[in-house]
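Observations on chain architecture
Okay, here's what each chain looks like letter by letter:
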Amino acid sequence: MNCIFCKIASGEIPSKKLFEDELLFAFYDIQPQAPVHFLIIPKQHFSSLNDISKEHSGLAGHLLATAAELAKKTGIDQSGYRVVLNTNDDGGQSVPHLHAHVLGKRKFLWPPG
Ligand code: 5GP
Ligand code: ZN
């Protein structure tokens, strides 16, 4: 499949890797929006959160637990951080492979822009 994040997960396109296991791949965003900004993606291709159903609960839970683990590893767990899953046009999704942004080391606004 001609998907940039599938190619990053397989190593075909290089990235600054933070973490990898059998299900997930995490790497730093190429255009960081905060002093700490990394992405966690499933190795399996899903176009967006819309492709996730309850049969994927194990994977989805594993992704969230990994976000918490990597927040600790990158030193943002205590100061705080934001986990974002932009979905489709209104959500601001630009890469059609499911990814969670994890951002930290600055203050974020609410409501979001
Ligand atoms: P989205 O806009 O879909 O929520 O997020 C996609 C993110 O992927 C953006 O923050 C963008 O900077 C990042 N991104 C796009 N292409 C690449 C790439 O080739 N390498 C890395 N490391 N990040 C990328
Ligand atoms: Zn993909």
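Given the structure is predicted, the values throughout are model-derived calculations rather than measurements.

1. Side note on the sheet that holds strand E2 (residues 24–28)
Hydrogen bonds along the backbone pair up the strands of a sheet, which may run parallel or antiparallel. Strands sit in the order E1-E2-E3-E5-E4 across an open sheet of 5 strands; the sheet is antiparallel. The open sheet terminates on both sides in strands that have one partner only, identified here as strand E1 (17–20) and strand E4 (81–84). Taken over all neighbouring pairs, the strand axes of this sheet differ in orientation by 15° on average, direction set aside. Bridging between strand E3 (residues 36–42) and strand E5 (residues 100–104) involves 5 bridges; their strand directions are antiparallel.

2. Describing the nonpolar core
Counting 17 residues, the largest nonpolar core has Ala26, Phe38, Ile40, Leu70 and Val102 as its most contacted members. When residues of this core are traced back to their parent elements, those giving at least two are E1, E2, E3, helix H2 (57–73) and E5. When neighbours within four sequence positions are excluded, Val102 is seen to be in contact with Val36, His37, Phe38, Ile40, Ala67, Ile76, Tyr81, Arg82 and Val83. Cys3, Phe25, Ile41 and Val95 belong to the second-largest nonpolar core, a separate cluster that totals 10 residues.

Calculation notes
- Each chain carries its own residue numbering, running from 1 in the direction its sequence is written.
- Starting at A for chains and at 1 for ligands, labels are handed out in the order in which the entities are written.
- Reporting in this predicted model follows two pLDDT cut-offs: at least 70 for local features of residues, and 80 or more for side-chain atom pairs to be given and counted; totals over whole chains, interfaces and linings ignore these cut-offs and use all residues.
- Heavy atoms throughout the structure, all of them, feed into the side-chain values; hydrogens and water do not.
- A strand pair is defined by DSSP finding two or more bridges across the two strands.
- Only DSSP runs of H or I reaching four residues or more are called helices, and only runs of E reaching two or more are called strands; each is numbered from the N terminus.
- Every axis in this analysis is a line fitted to C-alpha atoms, fitted for helices over the stretch in contact. Angles between the N-to-C directions lie between 0 and 180 degrees.
- By nonpolar core we mean a set of buried residues, namely Ala, Val, Leu, Ile, Met, Phe, Trp, Tyr and Cys, connected to one another through side-chain atoms within 4.5 Å.
- For every residue, the accessible area (1.4 Å probe, protein chains only) is compared with the maximum for its type, and the residue is labelled buried under 20%, exposed over 50%, or partly exposed between those bounds.
- Only heavy atoms enter the contact rule, under which two residues are in contact if any of them lie within 4.5 Å.

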